[in-house]
Amino acid sequence: MPHRHILSARHLLGAIAGLSLGALSLQPAQAADDIIRLATTTSTYNSGLLDNLLPAYERANDVTVQVIAVGTGKALRMGQDGDVDLVMTHAPGAERKFVDAGYGIEPHGVMYNDFVLLGPKADPANVEGMSDVDAALARIAESNAGFVSRGDDSGTHKKELSLWASADVVPDFSAYKAVGQGMGKVLSMASELQDYTLSDRGTWLAMQDKLDLSVLVEGDARLFNPYQVILVNPANHEGLNTEGARALAQWLISREGQQAIDDFRLKGQALFHASHGETGFDAQKTADGSGAGQAAGGETATQQAAPRS
């Protein structure tokens, strides 16, 4: 692992008891201006993206990026409380509320991928190949097939709940499990139990060789998954490293940063696609579930979302 101090949600709860997050650096002798605190989703950590992107930036700028990997809901609450300098999340509706309430400033779209519905090869609900994710989820509920939900207020959890609502299904069937875990652990549980689950494609690609699951439903426009970086509003909190956070955000949307995102591969497959700094809010209607199935010509959500040049 790189030298960065990466905290999961579980480790974070223990670490903050009696301590400020600013005291958690691996290099306590550094000045605060040399530490940038980034709250981001478990998907950017589990996929290996940040371990690939950040070391070169840290060396070039003589800074340490302290990454706290949690669900989107927790990341935004940390930003609201001033515990971090910036957030990178993937829930456009929640992000808009965060900015509109004055907790965040300068939102920039960074990248996108898409969500996929995974399940066992036996596919007891018979959803493989369906183009309508809502109909697939309804069929899973009707057949009372096992489904593992993150249940952690993450961007993936928010997306899943919006899809159940769009399908007019209350996910209270007996085989539904809300486990309150990150994406990696949920994928491992779904594989072990031979249940269905919803995953971002990046984490799935990073872990697929360890899992006994298959992609059963993909390509619905409602599965589009944009990521956005937002600075925490310095007007609300003292002691934020806003200058460092802004520099990191600008690098992520720069030609160099965007190329690094596009170049990140795992076994030859791209896990994320750069969005060239366009605001994630532009994609909110699609991401929040108002898209209508596949695009004309059978394009997937990822293909639909190709960035403008």
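Heads up: the structure comes first, above all this text.
Note that the coordinates shown come from a computational prediction; the quantities given were computed from them, not determined experimentally.

Participant: Break down the nonpolar core for me, with residues and values.
Facilitator: In terms of nonpolar packing, the biggest core is built from 40 residues, with L86, V110, M111, L248 and L252 touching the most fellow members. In this structure M111 touches T44, L49, M88, N225, P226, Y227, I261, F272, H273, A274 and S275, once residues within four positions along its chain are discounted. If you look at the next biggest cluster of nonpolar residues, it comprises 25 residues, including V133, A136, A141 and A167.

Participant: For the packing of aromatic side chains, give the residues involved together with the corresponding values.
Facilitator: Under the counting rule described, the total for this entry stands at 9 aromatic pairs. Taking 5.4 Å as the distance between ring centres and 70° as the angle between the ring planes, the aromatic pair formed by F147 and W164 counts as edge-to-face. Of this pair, F147 sits in strand 6 (residues 147-149) while W164 sits in helix 7 (residues 155-166); the two residues are 17 residues apart in sequence, bridging distant segments of the chain. As far as burial versus exposure is concerned, F147 and W164 are alike and both buried.

Participant: How would you sum up the packing of helix 6 (residues 133-142) against helix 7? Please name residues and give values.
Facilitator: The N-to-C vectors of helix 6 and helix 7 enclose an angle of 85°; their axes lie 9 Å apart at closest approach. Taken as axis vectors, helix 6 and helix 7 run roughly perpendicular relative to one another. Where helix 6 abuts helix 7, its residues V133, D134, L137 and A141 lie against L163, W164 and S166.

Participant: Account for unusual backbone geometry, with residues named and values stated.
Facilitator: The backbone of D123 shows a phi angle near 50°, a positive value even though the residue is not glycine. A positive phi angle, close to 60°, is found at N126, a residue other than glycine. As for its position among the elements, N126 is in the loop between strand 5 (104-119) and helix 6.

Participant: Help me get a handle on the pairing of strand 2 (residues 35-40), residues and values and all.
Facilitator: Taken across its 6 residues, strand 2 has 6 buried, putting it largely inside the fold. Residues I35, R37 and A39 point to one face of strand 2 and I36, L38 and T40 to the other, with burial holding for every one of them. In this sheet, strand 3 (residues 64-69) lies alongside strand 2 in parallel orientation, the contact comprising 6 bridges. Within strand 3, the residue paired with T40 across the bridge is A69. Sheet topology places strand 2 next to strand 4 (residues 86-89); 3 bridges connect them, and they run parallel.

Participant: Can you tell me about the side chain of N233, naming the residues and giving the values?
Facilitator: The residue N233 is located in the loop between strand 10 (224-232) and helix 10 (242-252) in this model. According to the relative accessible area criterion, N233 is buried, its value standing at 15%. From its side chain, N233 meets the backbone nitrogen of A235 in a polar contact 3.0 Å long. The residues contacting N233, other than those within four sequence positions of it, are G102, Y103, G104, I105 and L240.

Participant: So what's going on with helix 11 (residues 255-263)? Residues and values would help.
Facilitator: The complete set of buried residues in helix 11 reads G257, Q258 and I261. Buried positions in helix 11, seen along its axis, are confined to an arc of 95° and lie on one side of it. Along helix 11, exposed side chains directed more than 90 degrees from the buried face belong to R255 and E256.

How each quantity is defined
- Residues numbered from 1 in each chain as written.
- Predicted model: local features only at pLDDT ≥ 70, side-chain atom pairs only at ≥ 80, totals over all residues.
- Heavy atoms only, no water.
- Core = buried A, V, L, I, M, F, W, Y, C linked by side-chain atoms within 4.5 Å.
- Buried < 20%, exposed > 50% of the residue type's maximum accessible area, 1.4 Å probe, protein only.
- Contact = heavy atoms within 4.5 Å.
- Phe/Tyr/Trp six-rings, centres within 6.5 Å; stacked < 30°, edge-to-face > 60°.
- Helix = DSSP H or I, 4+ residues; strand = E, 2+ residues; numbered from the N terminus.
- Axes fitted to C-alpha atoms, helices over the stretch in contact; angles between N-to-C directions.
- Parallel < 35°, antiparallel > 145°, perpendicular 65-115°, else oblique.
- Pairing = 2+ DSSP bridges.
- Polar contact = N/O pair within 3.5 Å; in protein donor to acceptor, adjacent residues only side chain to side chain.
- Arc of directions from axis to C-beta.

What is shown is where atoms sit, not what they do.
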